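The lines below spell out each chain.
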Amino acid sequence: MRIVGSVALATAATLIGLFGILMLGASGLSMAGPGLTVIEYSDSDDSERAIGIGMGVIALVVWLVLSLSAVLVGLRGGHPTRARRATVWIAVGLSTILVLGALIAVLATPPPLNEYPLPEWKRA
């Protein structure tokens, strides 16, 4: 029963982590430029970006908590068997690889080239 609970927690953690990365990517967060920057899109607002970044960070924190919970649930109890330990570490490891790989891919995305740059005073 602990194996099923641990795998279910790892699966839920993975889905929440991927949702957080989706939010960070949709808000335009990037590390491809000089440091951590937010890509400016013309059709979105600063408050929308802030909400997206906040939701992404909160989802990644929840992913971390659920991953740790999956490890604790799977390894607690009377002497865990080798199969239970292996299952827990494989489930949590796959979740970590998937979420961190997607996070690196999203943050490494460079900002798009602007085909129609506006003058410095932001008027056409």
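Rules used throughout
- Residues numbered from 1 in each chain as written.
- Predicted model: local features only at pLDDT ≥ 70, side-chain atom pairs only at ≥ 80, totals over all residues.
- Heavy atoms only, no water.
- Helix = DSSP H or I, 4+ residues; strand = E, 2+ residues; numbered from the N terminus.
- Buried < 20%, exposed > 50% of the residue type's maximum accessible area, 1.4 Å probe, protein only.
- Contact = heavy atoms within 4.5 Å.
- Areas by Shrake-Rupley, 256 points an atom, 1.4 Å probe, with all protein chains shown as cover.
- Polar contact = N/O pair within 3.5 Å; in protein donor to acceptor, adjacent residues only side chain to side chain.
- Core = buried A, V, L, I, M, F, W, Y, C linked by side-chain atoms within 4.5 Å.
- Patch = residues over 30% accessible without salt bridge, like charges linked within 9 Å, V, L, I, M, F, W, Y side chains within 5 Å.
- Salt bridge = Lys/Arg side-chain N within 4 Å of Asp/Glu carboxyl O.

Another point: the overall build of the protein. For the protein, the count of helices and strands is three helices and two strands. Reading the protein from its N terminus to its C terminus gives the helix and strand order α-β-β-α-α. Expressed as a percentage of the 124 residues in the protein, the buried residues total 27%. A sequence separation of at least 24 residues applies to 74% of the contacts in the protein between residues at least 6 apart. When the accessible area of the protein is evaluated, it comes to approximately 8300 Å², of which 72% is carbon and sulfur surface.

Attention now goes to the side chain of Ser-27. Its place among the elements puts Ser-27 in helix α1 (residues 2-27). Its relative accessible area of 5% is what places Ser-27 among the buried residues. Side-chain polar atoms of Ser-27 contact the backbone oxygen of Leu-24, separated by 2.9 Å. The residues touching Ser-27, leaving out its near neighbours within four places in the chain, are Val-38, Ile-39, Arg-49, Gly-52 and Ile-53.

This brings us to the nonpolar core. Ranked by size, the top nonpolar core spans ten residues in total: Ala-13, Ile-21, Leu-24, Leu-29, Leu-60, Trp-63, Leu-66, Val-99, Leu-103 and Leu-107. Of all elements in the fold, only α1, α2 (46-75) and α3 (82-107) reach the threshold of two or more residues within this core.

With that settled, consider the environment of Leu-94. Here Leu-94 lies in helix α3. In this structure, the C-alpha to C-alpha distance between Leu-94 and Thr-14, residues 80 residues apart in sequence, is 8.8 Å.

Here Ser-6 lies in helix α1. It is 9.5 Å that separates the C-alpha atoms of Ser-6 and Arg-84, two residues lying 78 residues apart in sequence. Residues contacting Ser-6, with those up to four places away along its chain left out, are Ala-70, Val-73, Gly-74 and Val-88.

Another point: a nonpolar patch on the surface. Judged by side-chain polarity, Phe-19, Leu-22, Ile-51 and Met-55 come together as a nonpolar surface patch covering roughly 380 Å² of accessible area. At the level of elements, α1 and α2 are the ones that each hand at least two residues to the nonpolar patch. Relative to the assigned elements, Ile-51 resides in helix α2.

Along the chain, the position of Ser-67 falls in helix α2. Every residue in contact with Ser-67, bar those within four places of it in the chain, is listed here: Ala-13, Val-92 and Ser-95.

Structurally, Glu-48 can be placed in helix α2. On the accessibility criterion, Glu-48 (47% relative accessible area) is partly exposed. Separated by 21 residues in the primary sequence, Glu-48 and Ser-27 place their C-alpha atoms 7.5 Å from one another.

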